[in-house]
Amino acid sequence: MANQKYVYLFSEGTEDMKDLLGGKGANLAGMTRLGVPIPQGFIVTTEACNKYYDDGKKISQEVIDQILAALADTEKLSGKTLGGSNPLLLSIRSGAKFSMPGMMDTILNLGLNDETVETMAKISNNQRFAYDSYRRFIQMYADVVMDIEKKLFEDLLEQMKEAKGYKFDTDLTGADLKDLVGQFKVLYKQEKGEDFPSDPKTQLIDSITAVFRSWDNPRANVYRRLNDIPSNIGTAVNVQIMVFGNKGETSGTGVAFSRDPATGEKKIYAEYLMNAQGEDVVAGIRTPEDISTLEQRNKAVYDEFMAIVDKLEKHYKDMQDMEFTIEDGKLYFLQTRNGKRTAQAALKIAVDLVEEGLLTKEEALLKVDPRVLDTLLHPTFDVKALKAAPILAKGLPASPGAACGKICFTAEEAKERKANKEKLVLVRVETSPEDIEGMVACEGILTVRGGMTSHAAVVARGMGTCCVAGCGDLKVNEEEKYFELNGRRFSTNDYISLDGSTGNIYDGAIKTVEPEISGYFGTFMGWADEIRKLKIRTNADSPKDAAQAVKFGAEGIGLCRTEHMFFAEGRIEPVREMIVAETEEQRRKALDKLLPMQRQDFIGLYEAMEYRPVTIRYLDPPLHEFVPTQEEDIQALAQEMGLTFDELKTKIDSLHEFNPMLGHRGCRLAVTYPEIAEMQTRAVIEAALEVAAKHPDWKIVPEIMIPLVGEVKELKFVKDIVVATAEQVMAEKGTKIDYHVGTMIEIPRAAILADMIATEAEFFSFGTNDLTQMTFGFSRDDAGSFLKDYYENKIYDQDPFAKLDQIGVGKLVKLACDLGKATRPDIKLGICGEHGGDPVSIDFCHRTGLNYVSCSPYRVPVARLAAAQAQVNNPR
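Residues numbered from 1 in each chain as written. Predicted model: local features only at pLDDT ≥ 70, side-chain atom pairs only at ≥ 80, totals over all residues. Heavy atoms only, no water.

1. Section: the environment of Phe567
Moving on, step 1. Note on placement: Phe567 falls in the loop between α22 (562–566) and α23 (572–580).
Moving on, step 2. Take Phe567: its relative accessible area is 44%, and that puts it in the partly exposed class.
Moving on, step 3. Along the sequence, Phe567 and Phe626 sit 59 residues apart, while their C-alpha atoms lie 7.8 Å from each other.
Moving on, step 4. Residues in contact with Phe567, not counting those within four places in the same chain, are Ile572, Glu625 and Phe626. (Helix = DSSP H or I, 4+ residues; strand = E, 2+ residues; numbered from the N terminus. Buried < 20%, exposed > 50% of the residue type's maximum accessible area, 1.4 Å probe, protein only. Contact = heavy atoms within 4.5 Å.)

2. Examining the sheet that holds strand β5 (residues 90–96)
Moving on, step 1. Read across the open sheet, the 5 strands follow the order β1-β2-β7-β5-β6; overall the sheet is antiparallel. The outermost strands of the open sheet, each flanked by one partner alone, are β1 (7–9) and β6 (107–110). The sheet shows a mean angle of 25 degrees between the axes of neighbouring strands, taken without regard to direction.
Moving on, step 2. By the bridge criterion, 2 bridges tie β5 to β6 in an arrangement that is antiparallel. Within β6, the residue paired with Leu90 across the bridge is Leu110.
Moving on, step 3. Here helix α1 (residues 18–34) sits on the sheet in contact with β1, β2 (41–44), β5 and β7 (235–241), set at roughly 125 degrees to β5. (Pairing = 2+ DSSP bridges. Axes fitted to C-alpha atoms, helices over the stretch in contact; angles between N-to-C directions.)

3. Concerning the side chain of Gln139
Moving on, step 1. Structurally, Gln139 is set in helix α5 (residues 127–144).
Moving on, step 2. Residues contacting Gln139, with those up to four places away along its chain left out, are Lys150, Phe153, Glu154 and Phe184.

4. Topic: the environment of Pro861
Moving on, step 1. Here Pro861 lies in helix α36 (residues 860–873).
Moving on, step 2. Here Pro861 falls in the buried class, since its relative accessible area comes to 0%.
Moving on, step 3. Those residues in contact with Pro861 that sit more than four places away from it in its chain are Leu373, Leu377, Phe521, Met525 and Phe552.

5. What to know about helix α3 (residues 61–78)
Moving on, step 1. In this model, α3 (18 residues) spans 26 Å end to end at C-alpha, consistent with the 26 Å of a helix rising 1.5 Å per residue.
Moving on, step 2. Looking at α3, one finds that the buried residues are Val63, Ile64, Gln66, Ile67, Ala70, Leu71, Thr74 and Glu75.
Moving on, step 3. Remark: Gly79 follows α3 within two positions and exhibits a positive phi of approximately 70 degrees. (Expected span 1.5 Å × (residues − 1).)

6. Comments concerning unusual backbone geometry
Moving on, step 1. In the Ramachandran plot, Lys317 falls in the positive-phi region, its phi being about 55 degrees despite a non-glycine side chain.
Moving on, step 2. By the element assignment, Lys317 lies in the loop between α12 (299–316) and β11 (320–327).
Moving on, step 3. In this model, Asn486 sits at a positive phi of 50 degrees, which is unusual for a non-glycine residue.
Moving on, step 4. Position of Asn486 relative to the elements: it lies in the loop between β21 (482–485) and β22 (488–491).
Moving on, step 5. Taking relative accessible area as the criterion, Asn486 reaches 57% and is therefore assigned exposed.

7. Points about the sheet that holds β21
Working definition: the strands of a sheet are paired by backbone hydrogen bonds and lie parallel or antiparallel to each other.
Moving on, step 1. Pairing is antiparallel in the open sheet, where 3 strands are placed in the order β20-β21-β22. Both edges of this open sheet fall to β20 (475–477) and β22, since each of them pairs with a single strand only. Averaged over all neighbouring strand pairs, the angle between strand axes comes to 25 degrees, with direction disregarded.
Moving on, step 2. Sheet analysis places β20 next to β21, joined by 3 bridges and oriented antiparallel. By the bridge assignment for β21, Val476 is matched with Phe483.

8. Considerations on the nonpolar core
Moving on, step 1. Judged by nonpolar contacts, the single largest core of 130 residues is most densely connected at Leu373, Phe524, Tyr606, Ile706, Phe764, Phe766 and Leu850.
Moving on, step 2. Element by element, the count of residues in this core is highest for helix α28 (residues 674–694), at 10 residues.
Moving on, step 3. In contact with Phe524, not counting residues within four places along its chain, are Leu347, Ala350, Val351, Ala364, Leu365, Val368 and Leu865.
Moving on, step 4. Counting 62 residues, the second-largest nonpolar core is a separate cluster that includes Val44, Val117, Phe153 and Leu180. (Core = buried A, V, L, I, M, F, W, Y, C linked by side-chain atoms within 4.5 Å.)

9. Let's talk about the pattern of salt bridges
Moving on, step 1. With the rule as written, the count across this model stands at 70 salt bridges.
Moving on, step 2. Between Lys348 and Asp352 there is a salt bridge, and its shortest N-O distance comes to 2.9 Å. Here Asp352 and Lys348 lie together in helix α13 (residues 343–355), a separation of 4 residues that amounts to about one turn. Taken individually, Lys348 and Asp352 each receive the classification buried, so the pair is uniform in this respect.
Moving on, step 3. We note a salt bridge from Asp720 to Lys716, for which the minimum N-O separation is 3.0 Å. In this pair, Asp720 and Lys716 are both assigned in helix α29 (residues 712–733), 4 residues apart and thus about one turn of the helix distant. (Salt bridge = Lys/Arg side-chain N within 4 Å of Asp/Glu carboxyl O.)

10. Comments concerning the environment of Glu746
Moving on, step 1. Counting through the fold element by element, Glu746 comes out in the loop between β30 (740–745) and α30 (748–752).
Moving on, step 2. Given the relative accessible area of 2%, Glu746 is considered buried.
Moving on, step 3. For the pair formed by Glu746 and Gly710, sequence separation is 36 residues and the distance between their alpha carbons is 8.2 Å.
Moving on, step 4. If sequence neighbours within four positions are ignored, Glu746 has contacts with Pro707, Leu708, Gly767, Asp770, Leu771 and Met774.
Moving on, step 5. A distance of 2.7 Å separates a polar side-chain atom of Glu746 from the backbone nitrogen of Leu708. (Polar contact = N/O pair within 3.5 Å; in protein donor to acceptor, adjacent residues only side chain to side chain.)

The following block contains the structure:
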């Protein structure tokens, strides 16, 4: 394309150009149009990033020319020049379409070199400020552009402070910092074998390249996978005139939220530091002050600040997260975005904004990410146990929730120990983006440094993980894996408990209790229920799970896995008897023992669900899953069943299959052993008749689901057994009841032949776990070992077992729906795989015209909200 525009000045963009300018860039353009005081600059677009990758990771001359032209315009605007006698300094920040906190790297004070630093010192009459800015630039540039470890520079800084007997970075004088810059440059040359680049234009192009490169770093890829962000959208780069918060005591920098991000309270929540640069607040290197102290310091700036925050919130109609800098008493806003918040805050803010008349109910529903509701449903500490527990220390309540676990000190260690099913609390001096996978693996996070806006706090709130930050009393020794607190040593086998809502840290493991759901949650979810078209059912195998799901708003059971009931206490013996039986008579004897147990199970489920529909799936897994594998267990079972060890061992070996997932399971068992389907049907119908007699108003209609059907004759064979048995039971009891027989669509052949299968099936439920497994041709249990190579090589963006593959598996689902409706217009369509609780997959189910989704009890609120959002986005 000739003359494609790859670079936009802030004044040329608009706030709806997020695809091209990224979230941050579009907002900077929007703020420019609103007349908010922001340092001007330009945006290198996401298309330039994609072009960089298409061109073999090189920035083309065409893009460089456009960058330099935009630089010239920015120089005109500021009256300064990059590398000139009145030096212009720049900040470089990444900004993709979606906010990815801590994933992309920032460079400040670009344009400094040995000449311009002296000029800056003269112009500002402040040697300390100039060299402080220069040492920060060298360190950031070395880290972000050249991959030199940050810690090496930090060690030099600490050594100098120790040698001089200083406590704070701010104690260093101009001469000290000049000396430090010399040491930094020597270190840079040792590491890189070349001098630190002094040409500001080289610095600029290399820094923009580094942001593009960071789009593909492992941290960014992990974050995108966790948050459903496609890898092909690229990041934009924002180049902005520097303003300085580190010029002295009339300058400062801070972070603000237009409402409290932890509670949602309508009051501005902001922290700032005088004589500091932006990363000091976010990295939590010094502990910031509350915004209220700014009123005493400088009332005019304070009033202007409060007015702008209010204006931005009203304009974007959402809680804003803003960065600001005061330079010599003049206020600048550097960026704004919709703020990350806790689930409690999200609901309160959404309801309040509707009541304040800023949003409609539909708009408010779109403001809350369904996944954050998870955190509301998570346990809190038992009040009595909490009162009795000794408080070890207190930090900042950075992300709510209750967490207890054994201590671990690094992300690597967390991943390894989590794999061994340990519950862990991650303890770090401060977290950085490379800790993300360790943070995901832990129940809670505790940091020594950092405020409410530090990396740990923002990421933990986003993930719904409990976090306590800024606990300065902790002395962490990461090498030897212990920390000291109040003179005591804690190591990797000790338990601690964190309360993310108060910031308290407790000794030992404290009992947790289930959450209460009320207030804003009830109002908000009420709106979701009014709007959505999809029904939400749950996957439940016990009355306890079923009751929990009803509490969370489930409208039925979409999947009861009968085999889960077989593993219960006192059941496994008759199941094993049935499996090793040599004759039908022996099998029936064992099934007769199981019948009353199964009947009781179903009575419990019907009673928990009352008038709501219940879908019961017949026995699905291969029989070998129920038999013992250890020699001593086989010996015990043989004795119990009056068999020799060898007879039983031979029988067990005969059940072994090379590929059990494709073996003798599902409806194939009922074809070989019709008596299993007979027993299950008798249990379902007898239970339904018994509960219906007690509660005639519930109108119970059992839904019987035959699993793993791939051929209509196979379904008809099993359905005939079900119907014959059901009719016989009803004749014995002298009462009639309606019931439905349907099937799971989980074999690709069933989806392709769904029109034929619908002649027998009254409903379809898509078992997307098996359907995904068989469509991709890889085993769900083994795929984990090689899928990571597929993510690294950008073959797949997502785990297809967690996110429904809409173009492949989704095509089969859509085909089966259309074919099924053509045969049977009133066929009921649902989904009961893991995907039923995933918001992106639910949106697909809504668009495809399913009647319901079914998910685990704790995902029910998530699904209710996701279904409402799907209806707002695509009304049907």
